Amino acid sequence: PTHPYIVIAHTHNSPATKTYSVPSWEDLDQLSGAIQHNPNFADVTNLIFITITADGTQYAIMIDNFQAFIDYFYWATTDPSQFNLTLFNKKDDNRLLYYYGKKVNNIEIPPKIKENSTDKAQDLKYFMQIAESAGLNVFEMDSTFGTFKEITVINNQIIKTECK
């Protein structure tokens with residue numbers, strides 16, 4: 001790279017049937033919490049968040065729209081007068097919709113992204129819905145960290161464009 005980056009990386013360890021093939025809700029929520037509770041945590045314009053999974057997927061994520069990110073993964077402040085109930089409820093709705101499922105009128109609605117999913121492409125499509133709403137750029141990496149492909153979704157199709 002032409003300038004230094006701050007890199008935070010972790011893995012979703014095996015077995016693959018008990019992990020996500022994309023970053024988990026907690027991965028991004030905890031990152032957001034760390035940033036919101038400590039503004040000196042990291043220079044988010046140069047931050048890269050990497051997840052390597054037991055499913056054989058590797059993703060690098062950068063925050064493209066900081067306000068969208070902290071709004072999507074909203075953390076309440078210690079000042080009750082600053083509490084935003086709308087953002088708090090939206091965050092919880094998204095958490096349940098994408099990762100935990102919910103019950104509506106006594107009907108169980110499963111999460112869109114599942115720990116034991118074998119459909120990594122479908123998980124990625126759902127994850128990209130989160131990424132787009134949360135102001136994130138997502139890149140697929142190879143196992144050597146040498147090749148990166150930017151991931152976008154156009155007409156419900158995953159597009160991977162090699163970075164140069």
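Refer to the structure printed above.
Cut-offs applied
Residues numbered from 1 in each chain as written. Predicted model: local features only at pLDDT ≥ 70, side-chain atom pairs only at ≥ 80, totals over all residues. Heavy atoms only, no water. Helix = DSSP H or I, 4+ residues; strand = E, 2+ residues; numbered from the N terminus. Buried < 20%, exposed > 50% of the residue type's maximum accessible area, 1.4 Å probe, protein only. Contact = heavy atoms within 4.5 Å. Areas by Shrake-Rupley, 256 points an atom, 1.4 Å probe, with all protein chains shown as cover. Lys, Arg positive; Asp, Glu negative; His and termini not counted. Charge placed at Lys NZ, Arg CZ, Asp CG, Glu CD. Phe/Tyr/Trp six-rings, centres within 6.5 Å; stacked < 30°, edge-to-face > 60°. Core = buried A, V, L, I, M, F, W, Y, C linked by side-chain atoms within 4.5 Å. Expected span 1.5 Å × (residues − 1). Salt bridge = Lys/Arg side-chain N within 4 Å of Asp/Glu carboxyl O.

Q: I tried to follow the overall build of the protein chain on my own but got confused; where do I start?
A: Scanning the protein chain from N- to C-terminus turns up four helices and eight strands. Starting at the N terminus and walking to the C terminus, you meet the elements of the protein chain as β-α-β-β-α-α-β-β-α-β-β-β. When its C-alpha atoms are laid out on the principal axes, the protein chain stretches across 45 × 40 × 35 Å. When each of the 164 residues of the protein chain is scored for burial, the buried share is 37%. Partitioning the contacts of the protein chain with sequence separation of at least 6, the portion at a separation of at least 24 is 59%. Total accessible area computed for the protein chain in this model is approximately 9,500 Å², and 52% of it derives from carbon and sulfur atoms. On the protein chain, the mean spot of the 13 positive side-chain charges and the mean spot of the 19 negative ones are 7 Å from each other.

Q: It is not clear to me how the packing of aromatic side chains should be interpreted in this structure. Could you clarify?
A: When we look at a pair of aromatic rings, we describe it by the centre distance and by the angle of the planes. All chains considered together, the criterion is met by eight aromatic pairs. An angle of 85° between the planes, with centres 5.1 Å apart, marks the rings of Y20 and Y99 as edge-to-face. A residue pair is termed long-range when its members are at least 10 positions apart, and Y20 in the loop between strand 1 (6-12) and helix 1 (25-37) and Y99 in helix 3 (residues 85-100) qualify at 79 residues. Classification of Y20 as buried rests on a relative accessible area of 9%. Relative to F73, the ring of F69 has its centre 5.5 Å away and its plane inclined at 55°; by these criteria the two rings are tilted. As far as burial versus exposure is concerned, F69 and F73 are alike and both buried.

Q: Sorry, what's going on with the nonpolar core here?
A: Here is a general trend for soluble globular proteins: nonpolar side chains tend to be buried in one another's company. Of all hydrophobic cores here, the largest spans 29 residues; its most connected members are F69, F73, Y99, I113, F127, L136 and V138. Residue assignment for this core shows that the elements contributing at least two residues are helix 1, strand 2 (47-53), strand 3 (58-63), helix 2 (66-72), helix 3, helix 4 (120-133) and strand 6 (136-141). Ranked by residue count, the leading element in this core is helix 4, at five residues. Residues within four places of L136 in sequence aside, it is in contact with L28, I61, M62, I63, D64, F69 and A131. Core analysis: the next-biggest nonpolar cluster, separate from the first, contains five residues, I50, A60, F139 and M141 among them.

Q: In this structure, what is going on with helix 1? I would like to understand it.
A: Because the α-helix completes a turn every 3.6 residues, residues three or four places apart line up on one side. Compared with the 18 Å implied by 1.5 Å per residue over 13 residues, the 18 Å span of helix 1 between its first and last C-alpha is a close match. Of the positions making up helix 1, those classed as buried are W25, D27, L28, D29, L31, S32, G33 and I35.

Q: Please clarify how the pattern of salt bridges should be interpreted in this entry.
A: Opposite charge on two side chains permits them to pair, given that their charged atoms come into close proximity. One pass over the structure, following the stated rule, counts four salt bridges. Between K91 and D29 there is a salt bridge, with the nearest N and O atoms lying 2.7 Å from each other. A residue pair is termed long-range when its members are at least 10 positions apart, and K91 in helix 3 and D29 in helix 1 qualify at 62 residues. In this structure, R95 and D92 form a salt bridge, with 2.6 Å as the shortest nitrogen-oxygen distance. A residue pair is termed a helical-turn pair when its members lie 3 or 4 positions apart in one helix, as R95 and D92 do in helix 3 at three residues. Taking relative accessible area as the criterion, R95 reaches 26% and is therefore assigned partly exposed.

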